[in-house]
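Descriptive analysis of the structure
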Amino acid sequence: MFENLSERLSGVFDRLTKQGALNEEDVKTALREVRVALLEADVSLPVARDFIKKVQSEATGQAVTKSVTPGQQVVKIVHDALIATLQGDGDPGQLKIDNPPAPILMVGLQGSGKTTTTGKLAKRLKERDGKRVLMASLDVYRPAAMEQLAVLGKQLGVDTLPIVAGQKPVDIAKRAKQQASLGGYDVYMLDTAGRLHIDELLMQEVEDVRNVVEPRETLLVVDGLTGQVAVEVAQEFDDKIGVSGVVLTRMDGDGRGGAALSMRAVTGKPIRFVGMGEKMDALETFEPDRIAGRILGMGDIVALVEKA
Amino acid sequence: VGRLLGRKADEPRRVLDDDMLEQLEELLISSDMGVDTALRVTANMAEGRFGKRLSSSEIKNLLAAEIARIMENVAKPMPIYSKRPQVVLVVGVNGSGKTTTIGKLASQFKAAGKSVVIAAGDTFRAAAVEQLQVWGDRAGVPVLTAPEGSDPASLAFDALTKAQEDGADLLMIDTAGRLQNRSDLMEELAKIVRVIRKVDPTAPHNTLLVLDATTGQNALNQVDVFQKISDVSGLVMTKLDGTARGGVLVALADKFGLPIHAIGVGEQIDDLAPFDPQDFAAALTGLDKT
Ligand SMILES: Nc1nc2c(ncn2[C@@H]2O[C@H](COP(=O)(O)OP(=O)(O)OP(=O)(O)O)[C@@H](O)[C@H]2O)c(=O)[nH]1
Ligand SMILES: Nc1nc2c(ncn2[C@@H]2O[C@H](COP(=O)(O)OP(=O)(O)OP(=O)(O)O)[C@@H](O)[C@H]2O)c(=O)[nH]1
Ligand SMILES: [Mg+2]
Ligand SMILES: [Mg+2]
């Protein structure tokens, strides 16, 4: 029931002229369909618009490889431009965790996957990097949120800060910092309650936490299925508390992941990890080409042009 | 519409032309309505008005009226049947707000004088049972549980048997979050439904799919697949207290026509409201409600 871009474009391609270089009209025609594909992949509207404009000027006049059509050529150009935008500098999997104990602050909207990702990252740090990790839940609001992290800690063999009923998030953060120093931990991870980017009280609260611990990394955890609101969320979190990277969850679903492009294009923050399931080992380092392929949904055409 | 068209005399007018239509489409797309539905809605709204001079509040009113018209058909509270216990199965992808919505609904039904029982069918996620137990306490409703890792279908079976014995009015069954493309987990859900039907062939009487308003176009796939697997009878959209406007509901109304029972507007127990097409349309188009 959902037409993909390949199907959409196949009709358009046939109408394009088959000359040596991409003329402006060809590019425009193909990009109209690409724009729709980006929007259907949940790329935010202003980002899709800017992106199309950029590709339009890049593509016009480019030589077309003999064995492919101009439409296919445009798709390949779009694909490469997507990767270029998504790609951050440096290794996304390399967290700043020198100067022990290094605090990592996890933030995001309600239900985005913060607690699960906290567990996954702790496991990764422990097993891949041999770090001693302490996890602490600052979620004093959601029922059983602290228990959830404690259960994960037990499953993973990662310590969690003992729960003290009635303590405020900032005080829990201070206690975590102290315990991390005294206990000789390399990293301490602060899982926070889900909050709306427009909730001033709760945004202030996490700002206070940030000021207390001065995190080495502040990771914004975003649902990979997020729609047009992704940009606003990322911008607000970054403006108010400063984000050092993004984790995209639920990419094991069949969402197209356009939020990744939106957030990256607007905030310039690197996407670090991708959540690929509910289990503690379902975390992967971000790979721009894989997400680019998903957003565009035209792996077949890209492969064709690459071979030509 | 005449009432909605209360025009402000001093407002500048603009011709309803292609440029204007494109701007309106974009307004709708940025609410997650999706391209196709946005095109259709603006086209319907423009019919017979193309080339006319309208003020921006008139245009927004017309657009809101068109959306409200589509949504009117699907705005329906969750039906209550005479069947006891009425079984309400709650399904959806991970983190959409199923457990919280059950707590809110249980509280509402309790306040309406119903005897309610909740079954903690998420036997998978860490502390999911404890979370639901807190909601049960808040709502003043008992929560039936099974150990972590046990079969949710057998819990559903036991819970329904017990609810029958106890003569409860309503049994609400929470389920673990699952992405609709995970066929193994969808089969687990299908099994829950099959097992419930062994006890009562007419159950579940309501299957509520809980959607997160921040979700984009994937909500269409979610409804499509959950409906196939578990006979979804109605939708609840959560997190409309954020800035996501839930435009995908319009596309869903268009494609599936499933009733929308309620919306989640916060994390507190009273933060569940009926779905109001006029309010929804006004918020979606950015219409000033005053
Ligand atoms: N399929 C899938 N599910 C995920 C992923 N990450 C998290 N989840 C699930 O999403 C749901 C919510 O995850 P949590 O970690 O509790 O989310 P949170 O952001 O801590 O939620 P709050 O604390 O309530 O704001 C749970 O059911 C998780 O198992 C992922 O990458 N894939
Ligand atoms: N702002 C807001 N938050 C909500 C709303 N409904 C639920 N939440 C929050 O969203 C998060 C996830 O809610 P849950 O009820 O745990 O979601 P779930 O679908 O049961 O999650 P899983 O069982 O892990 O799949 C929690 O932090 C809730 O407090 C709502 O209407 N508005
Ligand atoms: Mg959490
Ligand atoms: Mg739940």
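Preceding block: the structure.
Let me sum up the structure you'll find in this document. (Residues numbered from 1 in each chain as written. Chains lettered and ligands numbered in written order. Predicted model: local features only at pLDDT ≥ 70, side-chain atom pairs only at ≥ 80, totals over all residues. Heavy atoms only, no water.)

Digging into the overall build of chain A
The test is simple: Numbered from the N terminus, helices here are DSSP runs of H or I no shorter than four residues, and strands are runs of E no shorter than two. Exposure classes here rest on a 1.4 Å probe applied to the protein chains alone. A residue is buried below 20% of its type maximum, exposed above 50%, and partly exposed in between. Residue contacts follow a heavy-atom distance rule, with two residues in contact if any of their heavy atoms lie within 4.5 Å. In this description, accessible areas are obtained by the Shrake-Rupley approach with a 1.4 Å probe, and a residue is regarded as covered only by the protein chains that are shown. Positive charges come from Lys and Arg, negative ones from Asp and Glu, while His and the chain ends are left out of the count. For charged residues, the charge sits on one atom: NZ in Lys, CZ in Arg, CG in Asp, CD in Glu.
The helix and strand tally for chain A stands at 12 helices and 8 strands. Here the C-alpha coordinates of chain A stretch approximately 70 × 40 × 35 Å along the principal axes. Here chain A holds 308 residues, and the buried ones make up 58% of them. Long-range contacts, defined as pairs at least 24 residues apart, comprise 78% of the intrachain contacts of chain A with a sequence gap of at least 6. In the form shown here, chain A has an accessible surface area of approximately 12300 Å², with 48% of it arising from carbon and sulfur atoms. Computed over 39 positive and 44 negative side-chain charges, the inter-centroid distance for chain A is 2 Å.

Some remarks on the site of ligand 1
Which entries qualify depends on this criterion: A molecule or strand has a residue near it when one of that residue's heavy atoms lies within 4 Å. Residues adjacent in sequence count toward polar contacts only when both atoms are side-chain atoms; beyond that, a polar contact is any pair of N or O atoms within 3.5 Å, and within protein one must be able to donate a hydrogen and the other to accept it.
Around ligand 1, a shell composed of 24 residues is seen, among which Gly113, Lys114, Thr115, Thr116 and Asp252 of chain A lie nearest. Measuring from an oxygen atom of ligand 1, one finds a side-chain N or O atom of lysine 114 of chain A at 2.6 Å. Within the side chain of asparagine 94 of chain B, one N or O atom sits 3.5 Å away from an oxygen atom of ligand 1. Top element by residues in the shell around ligand 1 is helix α5 (residues 114-129) of chain A. It accounts for 4 residues.

Quick notes on the environment of glycine 130 of chain A
In this structure, glycine 130 of chain A sits in the loop between α5 and β2 (133-137). Residues glycine 130 of chain A and glutamate 306 of chain A lie 176 residues apart in sequence; the distance between their C-alpha atoms is 40 Å.

With respect to the sheet that holds strand β4 (residues 116-121) of chain B
Residue and element names in this part refer to chain B. Convention followed: Between any two strands, pairing holds if DSSP finds at least two bridges. For helices, the fitted axis covers only the stretch in contact; all axes are lines through C-alpha atoms, and the angles between them, taken along N-to-C directions, range from 0 to 180 degrees.
Strand order in the open sheet formed by 8 strands is β5-β4-β6-β3-β7-β8-β9-β10, and the pairing between neighbours is mixed. The sheet terminates laterally at β5 (143-144) and β10 (272-274), the two strands that pair on one side only. Judged from the 3 bridges that link them, strand β9 (residues 260-264) and β10 form a sheet pairing that is antiparallel. From the neighbouring strand, glycine 264 faces β10, where its bridge partner is leucine 272. Its contacts with the sheet place helix α7 (residues 183-199) against β3 (86-91) and β6 (170-175), and it is angled at close to 175° to β3.

Side note on the site of ligand 2
For ligand 2, the set of nearby residues contains 22 residues, the closest of which are Gly97, Lys98, Thr99, Thr100 and Glu267 of chain B. Mapping the residues adjacent to ligand 2 onto the chains of the assembly identifies chains A and B. Between ligand 2 and glutamine 110 of chain A there is a distance of 3.5 Å, counted from a nitrogen atom to a side-chain nitrogen or oxygen. Between ligand 2 and glycine 95 of chain B, the relevant distance is 2.8 Å, taken from an oxygen atom to a main-chain nitrogen or oxygen of the residue. In isolation ligand 2 exposes 650 Å². Once the protein is present, 95% of that is buried.

Description of the interface of chain A and chain B
Stated precisely, the cut-off is as follows: Here the quantity called buried area is the total loss of accessible area, with a 1.4 Å probe, experienced by two parts when brought into contact, counted for both. For this analysis, a salt bridge means a side-chain nitrogen from Lys or Arg found within 4 Å of a carboxyl oxygen belonging to Asp or Glu.
Counting from both sides, the interface comprises 39 residues of chain A and, opposite them, 40 residues of chain B. Of the roughly 3400 Å² buried between chain A and chain B, counting both surfaces, carbon and sulfur atoms make up 57%. Viewed at the interface, chain B and chain A are joined by 2 salt bridges. Two residues, glutamate 26 of chain B and arginine 49 of chain A, come together in a salt bridge whose shortest N-O distance is 2.7 Å. The tally of links from chain A across to chain B stands at 16 residue pairs in polar contact (both at pLDDT 80 or more). Counting residues per element, the ones that place at least two in the side of chain A that touches chain B are α2 (24-40), α3 (45-59) and α6 (145-156) of chain A.

Some points on the packing of helix α7 (residues 169-182) of chain A against helix α8 (residues 200-213) of chain A
All names here are of chain A. Going by this rule: Orientation is classified from the angle alone, with under 35 degrees giving roughly parallel, over 145 giving roughly antiparallel, 65 to 115 giving roughly perpendicular, and any other angle giving oblique. The hand of a helix crossing depends on one turn: near helix anticlockwise from the far one by less than a right angle means left-handed, and clockwise means right-handed. Note on residue classes: Ala, Val, Leu, Ile, Met, Phe, Trp, Tyr, Cys and Pro are nonpolar, Asp, Glu, Lys and Arg are charged, and everything else, Gly too, is polar.
Close contact between α7 and α8 brings their axes to 9 Å; oriented N to C, the two are set at 20°. Comparing their axes, α8 and α7 come out roughly parallel. Crossing geometry of α7 relative to α8 is assigned as right-handed. Every residue of α8 that contacts α7 at Pro169, Val170, Ala173, Lys174 and Lys177 is listed here: Glu205, Asp208, Val209, Val212 and Val213. Looking at the contact of α7 with α8 residue by residue, the class counts come to 6 nonpolar, no polar and 4 charged.

Here we look at the packing of aromatic side chains
Filter applied, for reference: For Phe, Tyr and Trp, where Trp contributes only its six-membered ring, two rings pair if their centres lie within 6.5 Å, and the inter-plane angle classes them as stacked under 30 degrees, edge-to-face over 60, or tilted in between. Lysine NZ or arginine CZ positioned within 6 Å of the ring centre and within 35 degrees of the ring normal marks a charge as sitting over the ring.
A complete count under the given rule lists 1 aromatic pair over all chains for this structure. Judged by centre distance (5.1 Å) and plane angle (55°), the ring pair of phenylalanine 275 of chain B and phenylalanine 280 of chain B falls under tilted. Owing to a relative accessible area of 8%, phenylalanine 280 of chain B belongs among the buried residues under this scheme. Above the face of the tyrosine 185 of chain A ring, arginine 132 of chain A is positioned so that its terminal group lies 4.2 Å from the ring centre. Just above the ring of tryptophan 135 of chain B sits the side chain of arginine 138 of chain B; from NZ or CZ to the centre is 4.6 Å.

Some words on the side chain of arginine 264 of chain A
All names here are of chain A. Assignment of secondary structure puts arginine 264 in helix α10 (residues 258-267). The charged side chain of arginine 264 is buried without a salt bridge, its nearest counter-charge being aspartate 89 at 5.3 Å. Of the polar contacts made by the side chain of arginine 264, one reaches the backbone oxygen of threonine 85; its length is 3.0 Å. Looking at arginine 264, its side chain comes within polar contact range of the main-chain oxygen of leucine 86, at 3.3 Å.

Structural notes on the nonpolar core
Going by this rule: Each nonpolar core is a collection of buried residues, namely Ala, Val, Leu, Ile, Met, Phe, Trp, Tyr and Cys, held together in the definition by side-chain atoms within 4.5 Å.
The biggest cluster of nonpolar side chains holds 154 residues, and the ones touching the most others in it are Leu190 of chain A together with Ile67, Met71 and Leu235 of chain B. With residues up to four places along the chain from it excluded, the contact list for isoleucine 67 of chain B reads Leu28, Met33, Val41, Val250, Phe280, Ala281, Leu284 and Thr285 of chain B. In this structure, Ile104, Met106, Ala122 and Met189 of chain A belong to the second largest nonpolar core, which totals 23 residues.

Some thoughts on the pairing of strand β1 (residues 102-107) of chain A
All names here are of chain A. Burial runs high along β1: 6 of the 6 residues are buried. Residues Ala102, Ile104 and Met106 point to one face of β1 and Pro103, Leu105 and Val107 to the other, with burial holding for every one of them. As judged from the 5 bridges shared by β1 and strand β4 (residues 187-191), these two strands associate in the parallel manner. Note on β4: the bridge partner recorded for alanine 102 is valine 187.

Examining the pattern of salt bridges
For the coordinates displayed, the defined rule picks out 25 salt bridges over all chains. Its salt-bridge partner being arginine 194 of chain B, residue glutamate 187 of chain B comes within 2.9 Å of it at the nearest N-O pair. It is possible to trace a salt-bridge network through shared partners that takes in Arg35 and Arg49 of chain A together with Glu26 of chain B.

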